[in-house]
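Results of the structural survey
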Amino acid sequence: MKRALILVLVACGTGNADASTPDALPGAEMGPFRTLANTELKGTAPFVLQDSHAIYTDPAALDGGILYVVANGAIVRTRADDGRTFYGNGQIGKSPQVVLKADRPWEGGALAGPSAIRRGNEVLLFYSAAGGIGLARSADGLAFAKEPGPVLIGASPSVFTAQDGSGRMFYNDGVGVSEAASSDFVTWRFIEPVLRPSLQSGAFDALGASDPCVSTRITPAGRFHVRVLYTGRNEAGATAIGFAARYGDDGPLERNPVPAYTTGSAPAYAEPFLYVAQTNAIAGAVLLDTALTPPAAAPPTP
Amino acid sequence: LKRALALAVFLAPGIARANPPDTYGFGSRETAMGNAAAAETGGFAANYYNPAAIARSHGLDVSAGYFVAAHSFEMNGRDSKVDPVRGFVGGLVLPADILGQHFAFGVAMHLPDEQLSRVRALKQDTPRWELYDTRNQRLYLAANIGYELWSRIWIGGGLAFMSSTTARLDITGSANIFAPDNSQLRHEVDADLTAVRYPQAGIRIKLSDDIALAAVYRGQFKLDLDLKARLAGDISGLTSALYDLESTSVNAFVPQQFVLGGSWAFGKRVRATFDWTWIEWSAYVSPTPRLQTTLDVPPPPGGWPGGITPPTAPAPITIVPLHLHDRVVPHLGLEWKALALADHAGFVRTGYEVAKSPFPAQSGVTSFVDRDRHTFSAGLGWAWRGVMLDAHVQVAVLPDATTRKANPADFTGDFTAGGHFINAGLTASYLFGERR
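Residues numbered from 1 in each chain as written. Chains lettered and ligands numbered in written order. Predicted model: local features only at pLDDT ≥ 70, side-chain atom pairs only at ≥ 80, totals over all residues. Heavy atoms only, no water.

Remarks on the overall build of chain B
Within chain B, the secondary structure is distributed over 4 helices and 21 strands. By the burial criterion, 48% of the 436 residues in chain B qualify as buried. When contacts within chain B are restricted to residue pairs at least 6 apart in sequence, those whose partners lie at least 24 apart make up 70%. When the accessible area of chain B is evaluated, it comes to approximately 19500 Å², of which 62% is carbon and sulfur surface. (Helix = DSSP H or I, 4+ residues; strand = E, 2+ residues; numbered from the N terminus. Buried < 20%, exposed > 50% of the residue type's maximum accessible area, 1.4 Å probe, protein only. Contact = heavy atoms within 4.5 Å. Areas by Shrake-Rupley, 256 points an atom, 1.4 Å probe, with all protein chains shown as cover.)

In structure tokens:
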């Protein structure tokens, strides 16, 4: 029962069923990723969310093809049944619905870095603002009620449920990524730093490791696997998506020296899709060996 | 003269061990007996098991057969889609007495009916059934000479040919990065298959009418795959580009082997055999391609246009050594002459072999998947005058085991793998004389 609960409550959501891996090779499902091709999208590859009304950044995936994205300082919600054909992508006059705005003094006028998970009958939406990390709750994923103040000092949260049922959060601490824990997902306490820039010359994450996106699984060996995609920044300022992970509830993350995806930032993952912020829009990618069926004929309603 | 000739034959260059017989056996009788055949083989199959034993034939010995080996291997519960191996097996032994000395010349082959040879160069972190997928998809051809040194001692050696691949690909022309359809590229391909020879030799000693011993040596060989590619041309009138790639890899490597075998007859109807095969897996060469690349794309006089990022050369790959373990593979066989009439004889055979995987735990970057293998076999034989019909079924079980990766950020991650294969076949032979 605990294992089933853990799989449901992964922070970045679980996947869409129209993809297959023809080679049937084992994998941690965390890359390497390839850019979506023109024939795999309704819009212009690799963008899955792009229009002239907003600059879309900071995607966060929930199960069911739902994506929360930052647009014009607010958080909007869009959906794609196939994981790629999102409502609002290039559709004239149609934009994703705003679900959360900055309307508290401590938020400083703009929201960023959302992270959504389901817990019980609620959708918990964590977000970044000027004064720290906030939390909003919703029964339907559309109408949210905010907690009165920040729940933690930091930015770009990503939340998951540990094996013992407690909440865990990876977040930007200004240097790299730290971890916090909570028994009720509202009151959080700092644990320790878990990921830092590698400081290795030439490495894709030499000078930056931020924007964690966590998902968990049980490996075929029965180990609790905490998997994190993050934004790496090299000495030239270029960004790429990295993969770091650990076994078990506690401890620092170990990284893969090879980037999982070589462009973009602020990763969001919903198997098998990776979403990243790229040139003011949201781009999509899939695991290298994934074969996709043609994209859906039309986006779903929001 | 007799001993000098024998020595020359014994040391003759050549070979005879290729991959399909290593895995599936060669000929229905020997396969049914668990490949425990170095001291008991004869006819065309001796070209593989012990070239000395071809000299046991004192008449033209012709065989032909067919086998199918179907794999069912899985990783994480998903079919690994390892292709079946099937095809014709056959050969002949032609004896000759020269100056009172008994010789025999033998040829044998496995001719796949789908792929004569297959080459694949995978990244070292790509999971693959290293010993079953690509290596067994190839033609096997052997030719041997056997010699009856004394009435109770036979020696032999042989020649075999496999092929390495050398290929070159040149692409020249003009690439338009603003309008790719307007690119004009020409390509030339030049590929060679180069013959490679390998040594094999054996001896069989008949201690009594009931007991025989054998020793066989098989040299190592590797099939190289060398590819060169050159891309040169103009990019949209902005600049020129030159990309040289040279890839060198080992497409198949079979380590040297040493076999000791024995055969005991218990009474008139039962014979037991064993082979003890030492395999120097520690010499195994990683099949990961070794790449040398040169990329020269000078920037245009005015610099690169906005939005265009020049390509960079691929990062060099550090090939992880495999550190395989040498292994001893025991084979056991049993043959019961269940039917003994004036003109007819019927045989029931069974065998077993266990091959511990030579691969260390793949907890690092590489994922060369293999498992310990238990192979059970059985078969029937029927002999009528010079005609022999043999059938075999072989079931190899590779029990599931889980590979645990040391780095939790490994792209492959933990995986469980295992499976089995089933091999069935028939062999028909005709002997215009007798085997001793």
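There's more to say after this.
Here we look at the nonpolar core
The biggest cluster of nonpolar side chains holds 37 residues, and the ones touching the most others in it are Phe26, Phe73, Trp129, Tyr132 and Tyr284 of chain B. Counting only elements with at least two residues in this core, the list comes to helix H4 (46–49), strand S1 (61–75), strand S3 (85–98), strand S6 (140–150), strand S12 (239–254), strand S18 (368–369), strand S20 (387–403) and strand S21 (415–431) of chain B. Per-element accounting of this core gives the leading share, 4 residues, to S1 of chain B. If sequence neighbours within four positions are ignored, phenylalanine 73 of chain B has contacts with Arg78, Asp79, Ser80, Lys81, Val82, Trp129, Tyr132, Leu398, Gly418, Gly419, His420 and Phe421 of chain B. Leu36, Tyr56, Ala71 and Ala268 of chain A belong to the second-largest nonpolar core, a separate cluster that totals 21 residues. (Core = buried A, V, L, I, M, F, W, Y, C linked by side-chain atoms within 4.5 Å.)

With respect to the sheet that holds strand S4 (residues 56–62) of chain A
Residues and elements named next belong to chain A. Strand order across the open sheet formed by 4 strands is S4-S5-S6-S7, with antiparallel pairing between neighbours. Each end of this open sheet is capped by a strand with a single partner; those strands are S4 and strand S7 (97–100). This sheet shows a mean twist of 35° between the axes of neighbouring strands, independent of strand direction. (Pairing = 2+ DSSP bridges. Axes fitted to C-alpha atoms, helices over the stretch in contact; angles between N-to-C directions.)

Some details on the pattern of salt bridges
All names here are of chain A. A full pass over the atoms with the stated rule returns 25 salt bridges over all chains. Among the ionic pairs, arginine 118 bridges to aspartate 63, the shortest N-O distance being 2.8 Å. Of the two residues, arginine 118 is situated in strand S8 (residues 112–119) and aspartate 63 in the loop between S4 and strand S5 (66–71); the sequence distance between them amounts to 55 residues. With a relative accessible area of 29%, arginine 118 lands in the partly exposed category. (Salt bridge = Lys/Arg side-chain N within 4 Å of Asp/Glu carboxyl O.)

Notes on the sheet that holds S8 of chain A
All names here are of chain A. Read across the sheet, 4 strands follow the order S8-S9-S10-S11 without closing on themselves; strand pairing throughout is antiparallel. Strand pairing shows two members of the sheet lacking a second neighbour, S8 and strand S11 (144–146), which therefore form its edges. On average, adjacent strands in this sheet sit at an angle of 25° to one another, irrespective of strand direction. Where strand S10 (residues 132–138) meets S11, 3 bridges bridge the pair, whose relative direction is antiparallel. Across the sheet, alanine 136 pairs through a bridge with lysine 146, a residue of S11.

Geometry only, nothing functional implied.
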